[in-house]
Amino acid sequence: MYVDDEQDNLFGFKATLRFHYQVFTAIDVTQAIAHLDANPDIRIVFSDQRMPEQTGIDFFEAIRVSHPLPVRILITAYTDVESVIDAINKGNIFRYIKKPWEESDLFSAIEEANRFYVTNSLLTVKHDELQKAYNELNKFAYSITHDIRGPISGLMGAIDVARDISDINEVKEMLYLMEKSLKKLDMYVINMNDYYSLQRGELVIDEIDFNEIFEECASLFEVIAKVNKVTFKMNVNQNEIFRSDKVLIKMIIHNLLSNAFKYQDESKTEKAVEASVEIMNGSATITVKDSGIGILGNHIGEIFNLFYRATSQNVGSGFGLYNVKTALLKLNGHIEVASVMNQGTTFKVILPSI
Amino acid sequence: MNLAFIIIDDSELDCFIAKKIIQQNDKSTKVATFTDAISALRQINDNTDIHSNLLTIILLDLRLPIMSGFEFVEEFERLPVNVRSKYVIYVLSSSMNKNDKSRVDSNENIIKMLDKPLTKTSFDVIMSEVGARKI
């Protein structure tokens, strides 16, 4: 983009560059900022120094804060060397070009500025990735003391207490609680493995037969349904080819189903879980509906966060839905949640065929 | 014993252990256990059946779903003085996090942080510190 109060200069600039680049021109600062707002992919901003309402240097100083990404180049005919040097030193401009300009100067400035822009953008992306990794590492370090050391200390404490218990029923009760605690630890490790493979793993795209996946899930969950007296229904409607990553899809369905069974309301006599999938126009809609305890409205926004748990009921690790969200991000899908406290929750996953 | 206990911990095993340790010392000690902080707070607020005129020691875990241990303490601080004065809070946590430790140390409503689960040794520490206290 080029900002200059003289229309002739703008024409000349555009004429020189329009076959090589996408060029925006602006007659004043207001128009320039409107361009920047509307086109966040503008990489290089040229500005004239002497303009009636604001100097080029002042304009750059302002957009350095509001639009930090584009590389800033000053074009000036005047010999305001002092202010140009000052602006370069403050980091407000990348370089300056003398007016009237030589075409070769423009092209070489653009080439160099573009290289600078690309390097900077890559650095920003890497920086964000690193920041995210650090944040998750911190969460991990914190959760390890609670989710791994917690159960271990608990078991050691239990062994210690057991030495002084003579009532066999009390010992049995404690064994039951110890088993529960170990199961939770075991699930934590399994989920952590899912988490790791999700972060590092590559996608393997294959034709997906949802009948096969649902049958596999059915054999697993029908046992749980029977033991907990939950009515369990599954329905597959697939008449077209669907391509995606099988392992991730299985993981998503498995997590949603296991939540649906886990967060049932024990006080209800009619407990139900319904899972269905419908494939239409290259898109799969998976719905998992339960008659469980529901999620409080103000917790719904947080349930997909790593290590977040919205209830003290049952053995949540705080990994499950986070893994689902990460998998969906990889598969270009999304998820919707509808929940009514004490009535149940419905998760709806929409996935495109890849 | 002129003491009662409230245990707040989402691990049922740790609740069970703490209760056993306390009652191995004196079988008649009243112990209430909660797997979440909100129900515990509600009980303290209503203060109906909970050991109304006994000094009550709260053993509080930090990492709890929905309302964390620290959030519990913040809510506790809003209770009227005549209610608060009947309680003392110990944090029982497996956390080795320095922030947690310094937050506990700087909070005047928490006596100190002890490693989880409760052991005979840590129970004796609590008893020597508050056992003789009266409301």
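Described below are features of the structure shown in this document. (Residues numbered from 1 in each chain as written. Chains lettered and ligands numbered in written order. Predicted model: local features only at pLDDT ≥ 70, side-chain atom pairs only at ≥ 80, totals over all residues.)

## Quick notes on the overall build of chain B
Point 1. The helix and strand inventory of chain B stands at six helices and five strands.
Point 2. The burial tally for chain B puts 37% of its 135 residues in the buried class.
Point 3. The contacts in chain B between residues at least 6 apart in sequence include a share of 68% that link residues at least 24 apart. (Helix = DSSP H or I, 4+ residues; strand = E, 2+ residues; numbered from the N terminus. Buried ≥ 20, exposed ≤ 12 C-beta atoms within 10 Å, placed from the backbone. Contact = placed C-beta atoms within 7 Å.)

## Notes on the sheet that holds strand E2 (residues 30-34) of chain B
Residues and elements named next belong to chain B.
Point 1. The strand order across the open sheet built from five strands is E2-E1-E3-E4-E5, with neighbouring strands paired in parallel fashion. Single-partner strands in this sheet number two, and they are E2 and strand E5 (110-115). Going across the sheet, the axis of each strand differs from the next one's by a mean of 20 degrees, ignoring polarity.
Point 2. Here five bridges tie strand E1 (residues 3-8) to E2, and the two strands are oriented parallel to one another. Each bridged residue has a counterpart across the sheet, and for Ile 8 the counterpart in E2 is Phe 34.
Point 3. Across the sheet, helix H1 (residues 12-25) lies against E1, E2 and strand E3 (55-60), angled at about 175 degrees from E2, the strand it touches most. (Pairing = 2+ DSSP bridges. Axes fitted to C-alpha atoms, helices over the stretch in contact; angles between N-to-C directions.)

## Notes on the environment of Val 204 of chain A
Residue and element names in this part refer to chain A.
Point 1. Here Val 204 is to be found in the loop between helix H6 (168-200) and strand E6 (205-207).
Point 2. C-alpha separation for the pair Val 204 and Arg 243, spaced 39 residues apart in sequence, amounts to 9.8 Å.
Point 3. Setting aside its immediate chain neighbours within four residues, Val 204 contacts Asp 245 and Val 247.

## Looking at the nonpolar core
Point 1. If you look at the biggest cluster of nonpolar residues, it comprises 38 residues, and the most contacted ones within it are Ile 8, Ile 17, Ala 18, Leu 59, Leu 60, Tyr 90 and Val 91 of chain B.
Point 2. Per-element tally for this core: the top contributor is H1 of chain B, with seven residues.
Point 3. Apart from residues lying up to four places away in sequence, Ala 18 of chain B is in contact with Ile 7, Leu 59, Pro 117 and Leu 118 of chain B.
Point 4. In terms of nonpolar packing, the next biggest core, distinct from the first, is built from 34 residues, Met 251, Ile 279, Ile 303 and Val 349 of chain A among them. (Core = buried A, V, L, I, M, F, W, Y, C linked by C-beta atoms within 7 Å.)

## Quick word on the sheet that holds strand E10 (residues 283-290) of chain A
All names here are of chain A.
Point 1. Strand order in the open sheet formed by five strands is E7-E9-E10-E12-E11, with mixed pairing between adjacent strands. Pairing within the sheet leaves two strands with one partner each, and these edge strands are strand E7 (230-237) and strand E11 (334-340). Taking the axes of each pair of neighbouring strands and ignoring which way they run, one obtains an average angle of 10 degrees across the sheet.
Point 2. With eight bridges connecting them, strand E9 (residues 271-280) and E10 associate as antiparallel partners. Bridged to Ile 279 within E10 is Ala 284.
Point 3. Helix H7 (residues 210-227) rests against E7 and E9 of the sheet, and its axis sits at about 180 degrees to E7.
Point 4. Packed onto the sheet, helix H8 (residues 246-262) meets E7, E9, E10 and strand E12 (344-352) and runs at close to 15 degrees relative to E10.

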